[in-house]
2 protein chains.
Amino acid sequence: MSVIYERVALIGLGLIAGSMALAMREKGLAREIVGHARSAETRAVALEIGLVDAVHETAAAAVAGADLVVLAVPVGAMAAVAAEIAPHLKPGATVTDVGSVKEAVVQAVAPHLPENVHFIPGHPLAGTEHSGPRSGFPSLFRNRWWLFTPAGDVDEAAIARLERLVQAFGAKTERMEAAHHDLVLAVTSHTPHLIAYTMVGVADHLKRVTESEVVEYSAAGFRDFTRIAASDPTMWRDVFLQNKDAVLDILGRFTEELFVLQRAIRMGDGQHLFDYFTRTRAIRRGIIEAGQDTSAPDFGRAPAPRD
Amino acid sequence: MSVIYERVALIGLGLIAGSMALAMREKGLAREIVGHARSAETRAVALEIGLVDAVHETAAAAVAGADLVVLAVPVGAMAAVAAEIAPHLKPGATVTDVGSVKEAVVQAVAPHLPENVHFIPGHPLAGTEHSGPRSGFPSLFRNRWWLFTPAGDVDEAAIARLERLVQAFGAKTERMEAAHHDLVLAVTSHTPHLIAYTMVGVADHLKRVTESEVVEYSAAGFRDFTRIAASDPTMWRDVFLQNKDAVLDILGRFTEELFVLQRAIRMGDGQHLFDYFTRTRAIRRGIIEAGQDTSAPDFGRAPAPRD
């Protein structure tokens, strides 16, 4: 592969930015990668493990001369970062982000940016429950979706170039409206996370009653919830605050649906339960057919291959 | 290892019974394994792939002369099977089951059994979302809990012998009261499953709105729910009907808790969300420390090792 961007600046050096850095290095997609993180420790680790060629103490210094600037900070921090870097952006540079919410990011970032840069909001549907500069790995984006929500007037060549970069990571790309993105993600990601957090919280209360049993006997379902619910608290706080309307809409539908099932249990309506569970099983098949998971049973205990 | 039971009869030949058969064969724990399944096709498959040495058209015929009888049918079918086999059980035989609910199984099975057999209800906390005679594998129980809920007067030697068998599969054993088992499992397994089913159902409605997007973009959380929600509909219908009280109790706590988080989102209370998510993250660490999962990120797409 050949170089796509001369100089890339990563603002934030966690799981996503770190994985991007490793993927760019592995494939030689950037001539130089520099980074900034608020924490001095994160900056030192990123330099030590070779994620970046250089670190900068400020985001403003990091973006100087960069052809591509990636905002990889929690959604709630995007506005401040955008305001700080705006005067220092190179004319013609592309600015993208990796936030899980898109309308709020557009509202936070776009007003600050000069007209001579290309702002292409993005969201890789990839991640693990780990965070921090040591959590990245270059294959994170392989066969995953990377959604872009550019406004209508963004330069097509700039979008195509950014898509080429993430496709080189192995990602599949799609473009959509920011508001539509936020609704789809409220269903596929945000609400499931909130529910997982809630269930783990319920178990935590009961843990005090049943001592360590909830933890010991977690294998049969609950464990998968804790995996989801172990995700980064700051990132998820911001997701829920910034995608409030869509999440509240889906949560409303969820509780309605849950009450119908709860009533079926109370009334002993086995047929209703059976029919419902049969339908949900078919959805699982759809996901396997869409290539978003394998049909192999998840024993949940074999360490996944790291490389 | 040496033979623990001369003749084992498996009633029901799905994931759990199939995995038991394969584990017994691998380690030479039974001299002869016979089986019964209601479906002629299942019986033919079980014989064809060598799960059992012989199949019988009735459960009554299968249990004749067996030292160990394993009831591996849905919880709702246990009473009828117990009534059918009772007159044909060998004196001194051990009868166990693998149902996910224990009080209801005890009530369904115990009244039918003669006094000269040892009834030791059991529940292996192991499984995948697959079912049927081809879904078993011998390492399913490795490092998993197998809970037993024998009533006070059951012969200690018979319990110890059964524990030796499942420990030879690699399982860890524990004894507890049936009612206590049902409460713990309502938290760690039954309610999480119901919630996963519900979330998948909500997405199914929206799928019609957003076409295939929910399926396509399922990677970020929702996918793990579909995996849980793909479990066997008959088994889960029975679990909810038979563990009704504990499940409704935990569901009540869950919706209370969910409403508190929903309110925090609506009010923009970021501190509440952050604190909650930080607590749930700590629970995840407890599960890893208890050896019930690995800390390796679950990329969710690498096929787990089958052997």
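- Chain A has the name prephenate dehydrogenase in an unreviewed UniProt entry, where Paracoccus limosus is given as its organism.
- Under the Sequence similarities (unreviewed entry) heading, UniProt states for chain A: "Belongs to the prephenate/arogenate dehydrogenase family."

## A look at the overall build of chain A
Argument step 1. In terms of regular secondary structure, chain A is built from 12 helices and nine strands.
Argument step 2. Expressed as a percentage of its 307 residues, the buried residues of chain A come to 60%.
Argument step 3. Taking the contacts inside chain A whose residues are at least 6 apart along the sequence as the reference set, 74% of them involve residues at least 24 apart.
Argument step 4. With an accessible surface of roughly 11300 Å², chain A has 50% of that area assigned to carbon and sulfur atoms.

## As for the packing of aromatic side chains
Argument step 1. Counted according to the given criterion, the structure contains 16 aromatic pairs over all chains.
Argument step 2. Measuring from centroid to centroid gives 3.8 Å for Phe277(A) and Tyr197(B), while their planes differ by 20°, and the two rings are stacked. Here Phe277(A), found in helix α12 (residues 270-289), pairs with Tyr197(B), found in helix α7 (residues 178-210), and the two come from separate chains.
Argument step 3. We classify Phe277(A) as buried; its relative accessible area is 0%.

## Observations concerning helix α9 (residues 222-229) of chain A
Argument step 1. Most of α9(A) is tucked away: eight of the eight residues are buried.
Argument step 2. Three or more residues of α9(A) are buried, namely Phe222(A), Arg223(A), Asp224(A), Phe225(A), Thr226(A), Arg227(A), Ile228(A) and Ala229(A).

## Let's talk about the nonpolar core
Argument step 1. Grouped together as the largest cluster of nonpolar side chains are 69 residues, with contacts concentrated most on Phe225(A) and Phe225(B).
Argument step 2. The contacts of Phe225(B), once residues within four sequence positions are left out, are Pro192(A), Ile195(A), Ala196(A), Phe225(A), Ile228(A), Ile195(B), Ala196(B), Met199(B) and Val200(B).

## Things to note about the sheet that holds strand β1 (residues 5-11) of chain B
Residues and elements named next belong to chain B.
Argument step 1. With respect to topology, eight strands assemble into an open sheet ordered β3-β2-β1-β4-β5-β6-β7-β8, the strand pairing being mixed. Two strands lie at the open edges of the sheet, namely β3 (54-56) and β8 (172-175), each paired on one side alone. The average undirected angle you get between the axes of adjacent strands in this sheet is 25°.
Argument step 2. Relative to strand β2 (residues 30-36), β1 runs parallel, the two sharing six bridges. Within the sheet, the bridge partner assigned to arginine 7 lies in β2 and is glutamate 32.
Argument step 3. Those strands touched by helix α4 (residues 78-85) are β1, β4 (68-71) and β5 (94-97), and its axis lies near 155° from that of β4.

What counts and how
Counting restarts for each chain: residues are numbered from 1 in the order of the written sequence. All chains are assigned letters beginning with A, and all ligands numbers beginning with 1, in the order in which they are written. With the structure being a predicted model, the display of local features is reserved for residues of pLDDT at least 70 and the display and counting of side-chain atom pairs for 80 or more, all residues being used for whole-chain, interface and lining totals. Only hydrogens and water are set aside when side-chain values are computed; all heavy atoms of the structure are taken into account. UniProt positions are given in the numbering used here, feature names are shortened, and annotations may be inferred rather than shown by experiment. The secondary structure listing takes helices from DSSP runs of H or I that are at least 4 residues long and strands from runs of E that are at least 2 residues long, numbered from the N terminus. Throughout this description, buried means an accessible area under 20% of the type-specific maximum (1.4 Å probe, protein chains only), exposed means over 50%, and partly exposed covers the range between. Note on contacts: a residue pair is in contact if any heavy atoms of the two residues lie within 4.5 Å. Each accessible area is a Shrake-Rupley result for a 1.4 Å probe, and residues are judged covered by the shown protein chains and nothing else. Pairing of aromatic side chains here covers Phe, Tyr and the six-membered ring of Trp, requires ring centres within 6.5 Å, and sorts the geometry by plane angle: under 30 degrees stacked, over 60 edge-to-face, intermediate tilted. Residue types Ala, Val, Leu, Ile, Met, Phe, Trp, Tyr and Cys, when buried and joined through side-chain atoms within 4.5 Å, form a set referred to as a nonpolar core. Strand pairing is assigned whenever DSSP identifies at least 2 bridges connecting the two strands. Axis angles are defined between N-to-C directions and span 0 to 180 degrees, where every axis is a line fitted to C-alpha atoms and, for a helix, only to the segment in contact.

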